[in-house]
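So the chains spell out like this:
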Amino acid sequence: MPTRQAVRECGFGWRGALAPLVLLLAVTSSARASTLVAPHALYMDGSSRSAVLYLQNTGDTTQEVSIELEFGYPVSDSTGTVHVQLIPEPAPSEPSAADWVRVLPRRAFLSPGERRAVRFLAEPGADLEDGEYWTRVIVASQDIGGAEPAVVAEGVSAQLVLRSRVIIPLSYRKGPVATGVNLVGFEPEIVDSAVVAHVRMERTGNAAYLAKLELSLAAPEDPEGSPGVHWERDIAVYRDLYRRIELPVTTLPKGVYVLSLRLSTERDDIPARHILASAPVQVETPVLLD
Amino acid sequence: MLRRTTVLISLAMLLLPVAAFAVGASNQGIATVLTPLTVNGVRDLDFQNVFPGVAKAVAHTDATSAKWTVVGQAGAEVTVDFTLPASLASGGNNLSISFSSSDAGRNTVDNSAGATTFDPTVQETTTLEAASGELFVWLGGQVSPAGNQPAGVYQAAIIADVNYTGN
């Protein structure tokens, strides 16, 4: 089973002379319609202009798989919930790569167990400004070899057939790109038996801020020895993001605590060569539990 | 000239040997373990036989509900989004279908009875299980055959989108 720790990059010797050996984690399944997509995010840049996505039919019937591109990125609502909105016809001012990334092939039939590499080739115009451009890769699959429903001689039968779409991000970087974040709000609130942290962030630079958000609640007089409460989550700030994080504190004794927030680009799910590093942001504020 | 170069590059890419899937083939060079995302369509939403004039509901906890499993990066946030039909078709005839705000369920273990219900008409945001990276999703619904519903096998498609948010 994949874990964050499973994502590793190891260099041995002369990196440039050896092609990457890609290992796909095996997923066994008895499902009749099943498509594996790897990796879960694609990165391209002005020098290579290409990326590869691997597909595998892990089900036991033939799958028809098609790949489309559509502009979109995650946004948060007033409750701090993140949604991904797909925008079929983005405004010209949007940093969309959907129109100029080619997909080869766009459609394939995969027999049970069959694997296929899908290649992405960026063909932006020569006047494309430096910066990061986004699209979502939509991998749609449907079973074309499943059993037909039994035909009833007299009467009515009803069945809804499943289709699946796996959607992952693709980023294309041209020229100098940089990222960072402004912490525009960090407000703790006591709600019932939890500390709720309201975290509001705005991206800086010209590329998405892909980072890790860590929250710790600890007693100031004994920050090392106190177990406190710790929470961490990957975040993706494409423009701005609001997160509402609830830390349960039922096991903590009453008293004054320090709520610490740290934002860093130390992501272990992104290959090191694709990480855009920026200086960590760290703040803290007192919290009274009574 | 640029166009020809592009075509040649494209052809060359197509002819490149695919080194993928050679699990354990070598411990030299650069090894990158790619975290996959798998969506399994386990079973269709099956109302089986229905009677004209009699509505029939399948709950998300029923054995004939639609079921998907998702396996990906442990703890990653995903959105689940359905494209739902308004009717099923058999030849030129239609059969209406509806979905209530509690017809969908999700759980990080394979237990529909303990699932968190959600509205299948609204995008749902959740996280894959912190250790296994698994998510189970179920969907029910209700068909309402007319009193004079013609006999036939009525079908439609449900599309489930699973989208990595990066959060």
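Above this text you will find the structure in question.
J.: Looking at this model, I keep getting lost on the overall build of chain A. Mind explaining?
T.: When its secondary structure is counted, chain A shows zero helices and 19 strands. Taken over 290 residues, chain A has a buried fraction of 52%. Taking the contacts inside chain A whose residues are at least 6 apart along the sequence as the reference set, 72% of them involve residues at least 24 apart. Of the accessible surface of chain A, which amounts to about 13400 Å², a share of 50% is contributed by carbon and sulfur atoms.

J.: In this structure, what is going on with the sheet that holds strand β17 (residues 240-248) of chain A? I would like to understand it.
T.: Each strand in a sheet pairs with another by means of backbone hydrogen bonds, the pair being arranged parallel or else antiparallel. Residues and elements named next belong to chain A. The three strands lie next to each other as β13-β14-β17, forming an open sheet whose pairing is antiparallel. One side of each edge strand has no neighbouring strand; the edge strands of this open sheet are β13 (179-191) and β17. The sheet shows a mean angle of 20° between the axes of neighbouring strands, direction not considered. Sheet topology places strand β14 (residues 194-205) next to β17; nine bridges connect them, and they run antiparallel. When the sheet's bridge partners are listed, Val196 is paired in β17 with Glu246.

J.: Looking at this structure, I do not really get unusual backbone geometry. What am I missing?
T.: Apart from glycine, the bulk of residues carry a negative phi angle, and the bulk of peptide bonds sit in the trans form. Residue and element names in this part refer to chain A. The omega torsion across Ala38 and Pro39 is 0°, close enough to zero to call that bond cis. Within the secondary structure layout, Pro39 lies in the loop between β3 (33-38) and β4 (42-45). A cis amide bond links Leu104 with the next residue in sequence, Pro105, at an omega value of -5°. Relative to the helices and strands, Pro105 resides in the loop between β8 (101-104) and β9 (107-110). The phi dihedral of Asp192 falls on the positive side, at around 55°, and the residue is not glycine. You can see Asp192 is positioned in the loop between β13 and β14. Judged by its relative accessible area of 77%, Asp192 is exposed.

J.: Can you walk me through the nonpolar core in this structure?
T.: Where a protein is soluble and globular, its nonpolar side chains tend to be buried together. Core analysis: the biggest nonpolar cluster contains 60 residues, and A:Leu53, A:Phe120, A:Val137, B:Trp68 and B:Phe82 have the highest contact counts within it. Residue contributions to this core peak at eight residues, all from strand β12 (residues 156-174) of chain A. With sequence-adjacent residues up to four places away left out, A:Val137 is seen in contact with A:Leu42, A:Leu53, A:Ile67, A:Glu68, A:Leu69, A:Phe120, A:Val166, A:Ile167, A:Ile168 and A:Leu170. Within the second largest apolar cluster, 28 residues are counted, among which are A:Met201, A:Tyr209, A:Ala211 and A:Leu252.

J.: Before we go on, may I ask you to explain the sheet that holds strand β15 (residues 209-218) of chain A in this structure?
T.: All names here are of chain A. Strand order in the open sheet formed by four strands is β16-β15-β18-β19, with antiparallel pairing between adjacent strands. The sheet terminates laterally at β16 (229-237) and β19 (281-289), the two strands that pair on one side only. Ignoring strand direction, the axes of neighbouring strands in this sheet form an average angle of 20°. Bridge count between strand β18 (residues 255-264) and β19: nine bridges; the pairing is antiparallel. Its bridge partner being in β19, Ser260 is matched across the sheet by Glu284.

J.: Before we go on, may I ask you to explain the pairing of strand β13 (residues 141-144) of chain B in this structure?
T.: All names here are of chain B. On β13, burial follows the alternation: Gly141 and Val143 on one face are buried, whereas Gln142 and Ser144 on the facing-out side are not. Examined bridge by bridge, strand β8 (residues 93-98) and β13 share three bridges and lie antiparallel to one another. In the strand pairing of β13, Ser98 is matched with Gln142.

J.: Can you help me understand the packing of aromatic side chains in this one?
T.: Both the distance between ring centres and the angle between the ring planes are used here to describe each pair of aromatic rings. All names here are of chain A. Under the counting rule described, the total for this entry stands at ten aromatic pairs over all chains. Here the aromatic cluster, defined as three or more aromatic residues joined through ring pairs, consists of Phe71, Tyr73, Trp134 and Tyr238. The lysine or arginine in question, Arg200, covers the ring of Tyr242, its NZ or CZ lying 4.3 Å from the ring centre.

J.: I keep staring at the pattern of salt bridges and nothing clicks. Help me out?
T.: Pairing is possible between side chains that carry opposite charge, provided their charged atoms lie close to one another. Following the criterion strictly, the structure yields 17 salt bridges over all chains and no others. The salt bridge partner of A:Asp130 is A:Lys174, with a shortest N-O separation of 3.3 Å. Here A:Asp130 is found in the loop between β10 (115-122) and β11 (131-143), whereas its partner A:Lys174 is found in strand β12, with 44 residues between them in sequence. Residue class for A:Asp130 comes out partly exposed when judged on its relative accessible area of 41%. Here B:Glu77 and A:Arg233 are joined by a salt bridge, their closest N and O atoms 3.7 Å apart. Within this pair, whereas B:Glu77 is found in strand β6 (residues 77-83), its partner A:Arg233 is found in strand β16, the two belonging to separate chains. Residue classification places A:Arg233 among the buried positions, given a relative accessible area of 16%. Because the salt bridges share partners, they merge into one network encompassing A:Glu214, A:Arg262 and A:Glu266.

Definitions and cut-offs
Residues numbered from 1 in each chain as written. Chains lettered and ligands numbered in written order. Predicted model: local features only at pLDDT ≥ 70, side-chain atom pairs only at ≥ 80, totals over all residues. Heavy atoms only, no water. Helix = DSSP H or I, 4+ residues; strand = E, 2+ residues; numbered from the N terminus. Buried < 20%, exposed > 50% of the residue type's maximum accessible area, 1.4 Å probe, protein only. Contact = heavy atoms within 4.5 Å. Areas by Shrake-Rupley, 256 points an atom, 1.4 Å probe, with all protein chains shown as cover. Pairing = 2+ DSSP bridges. Axes fitted to C-alpha atoms, helices over the stretch in contact; angles between N-to-C directions. Core = buried A, V, L, I, M, F, W, Y, C linked by side-chain atoms within 4.5 Å. Phe/Tyr/Trp six-rings, centres within 6.5 Å; stacked < 30°, edge-to-face > 60°. Lys NZ or Arg CZ within 6 Å of the ring centre and 35° of its normal. Salt bridge = Lys/Arg side-chain N within 4 Å of Asp/Glu carboxyl O.

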